[in-house]
Amino acid sequence: HAKSRGRSNYQFYDCKMNEKASARLKLENALRQAIEKGEMQLYYQPQYKLGTNELSGCEVLLRWFHGGELISPEVFIPLAEETGFILPLGKWVLEEGCRQGAEWLEEGVNVPSIAINVSAFQFRQEFYRTVDSVLRHTGFPPDLLVLEVTESALMSDVSRTEFLLTQFRELGIQIALDDFGTGYSSLAYLKKFSLDKLKIDRAFIDGLPDDQDDIAITSSILDVAKHLGLETIAEGVETEAQLNFLKAYGCDQVQGFYFSKPLPLNEFELLISSANDRP
Ligand code: C2E
Ligand code: MG
Ligand code: MG
Ligand code: MG
């Protein structure tokens, strides 16, 4: 009895696994065609200087509209990384972002800096040449480009990373360390690598201004950054109380739903043109 039950269980799982595997395969194939089918779209989330509330930049966040659904980057970016599709996809995001930025400049819109997320896998492969060539043919100024990298990207090959970052610095590109504090953070990396900006992860902003741990962590990060001459930006700012805390502790910039969600192009353009109209 036990044997036959075990066996049917096994078949049940086997079948479920096949279902899962084939769903995944389907999604993988759809992902590979997403660019040519026009299903990928850049969204833009504004970033502001704390104190003056001036628009200081924006972060490009990728959206995938597929089969009448919006698939989260939390789902498809890992899939793209596992399949290697992140290379063409990441290049496309960079191209689109820089092309759009150059267009804004041409139209006389005061373009804030544009931050683009880069995954660890991209950071290892001919990435410098890709960025350099995209900047050249789009004409987007390197000093308006921010690359957001994570700690895992920096860690994967320390000496190559050091070299890459030095090359980017020579081009005038800024490097922001994304999700700071959530990875295998080592303060030694802050000293070793030439970074421009720390992005404090929203996990720590969440509990402000009441949670004692979040207060300790956020104020320490701001303190270390200031002493190392790094710019700071807080992500995931949702309330005025969080904003006031960050202001009091000297954070440089903020980004979050309190100001705006990530917006599709037309809405973001409305937002920046009204910011440009402000006296
Ligand atoms: P991230 O780079 O840390 O981006 C910030 C995420 O926080 C975004 O999620 C944004 O929509 C969300 N967010 C911003 N403000 C708030 C807020 O006030 N409250 C809350 N709850 N969330 C807020 P999103 O757009 O879903 O992106 C998730 C992650 O996917 C990004 O995290 C990034 O790691 C990755 N990603 C997105 N686009 C790209 C891309 O083009 N390339 C790569 N490699 N990764 C990307
Ligand atoms: Mg980011
Ligand atoms: Mg982040
Ligand atoms: Mg994140």
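Everything quoted here is computed from the prediction, not taken from an experiment.

Trainee: Lay out the coordination of the magnesium ion (ligand 3) with the relevant residues and their values.
Mentor: Distances from the magnesium ion (ligand 3) to its protein donors, D178 (OD), D179 (OD), E235 (OE) and E235 (OE), fall at 2.1 to 2.6 Å. Separation of the magnesium ion (ligand 3) from the magnesium ion (ligand 2) amounts to 3.9 Å, with D178 serving as a shared donor to the pair. Taking relative accessible area as the criterion, D178 reaches 6% and is therefore assigned buried. What makes D179 partly exposed here is its relative accessible area of 25%.

Trainee: Please provide a residue-by-residue account of the nonpolar core, values included.
Mentor: Counting residues in hydrophobic clusters, the biggest one holds 74 residues, and the most contacted among them are F123, L145, L147, F168, L195 and L246. Looking at which element gives the most residues to this core, the answer is helix α3 (residues 86-106), with 7 residues. Ignoring sequence-local partners within four residues, the contact set of L246 consists of L50, I205, L208, T218, A234, V237, C251 and V254.

Trainee: Describe the site of ligand 1, and please don't skip the residues or the numbers.
Mentor: Around ligand 1, 23 residues are found, and the nearest of them are R63, N117, R202, E238 and F257. With respect to ligand 1, the side chain of D178 contributes an N or O atom lying 2.9 Å from an oxygen atom. For ligand 1, an oxygen atom lies 3.0 Å from a polar atom in the side chain of D179. Protein chains bury 86% of the 800 Å² of accessible surface belonging to ligand 1 in isolation. Of all the secondary-structure elements, those providing two or more residues to the shell around ligand 1 are β2 (55-66), α2 (73-83) and β6 (174-180).

Definitions and limits used
Residues numbered from 1 in each chain as written. Chains lettered and ligands numbered in written order. Predicted model: local features only at pLDDT ≥ 70, side-chain atom pairs only at ≥ 80, totals over all residues. Heavy atoms only, no water. Donors = N, O, S within 2.8 Å, 3.2 Å for Na, K, Ca; no water. Buried < 20%, exposed > 50% of the residue type's maximum accessible area, 1.4 Å probe, protein only. Core = buried A, V, L, I, M, F, W, Y, C linked by side-chain atoms within 4.5 Å. Helix = DSSP H or I, 4+ residues; strand = E, 2+ residues; numbered from the N terminus. Contact = heavy atoms within 4.5 Å. Near = heavy atom within 4 Å. Polar contact = N/O pair within 3.5 Å; in protein donor to acceptor, adjacent residues only side chain to side chain. Areas by Shrake-Rupley, 256 points an atom, 1.4 Å probe, with all protein chains shown as cover.

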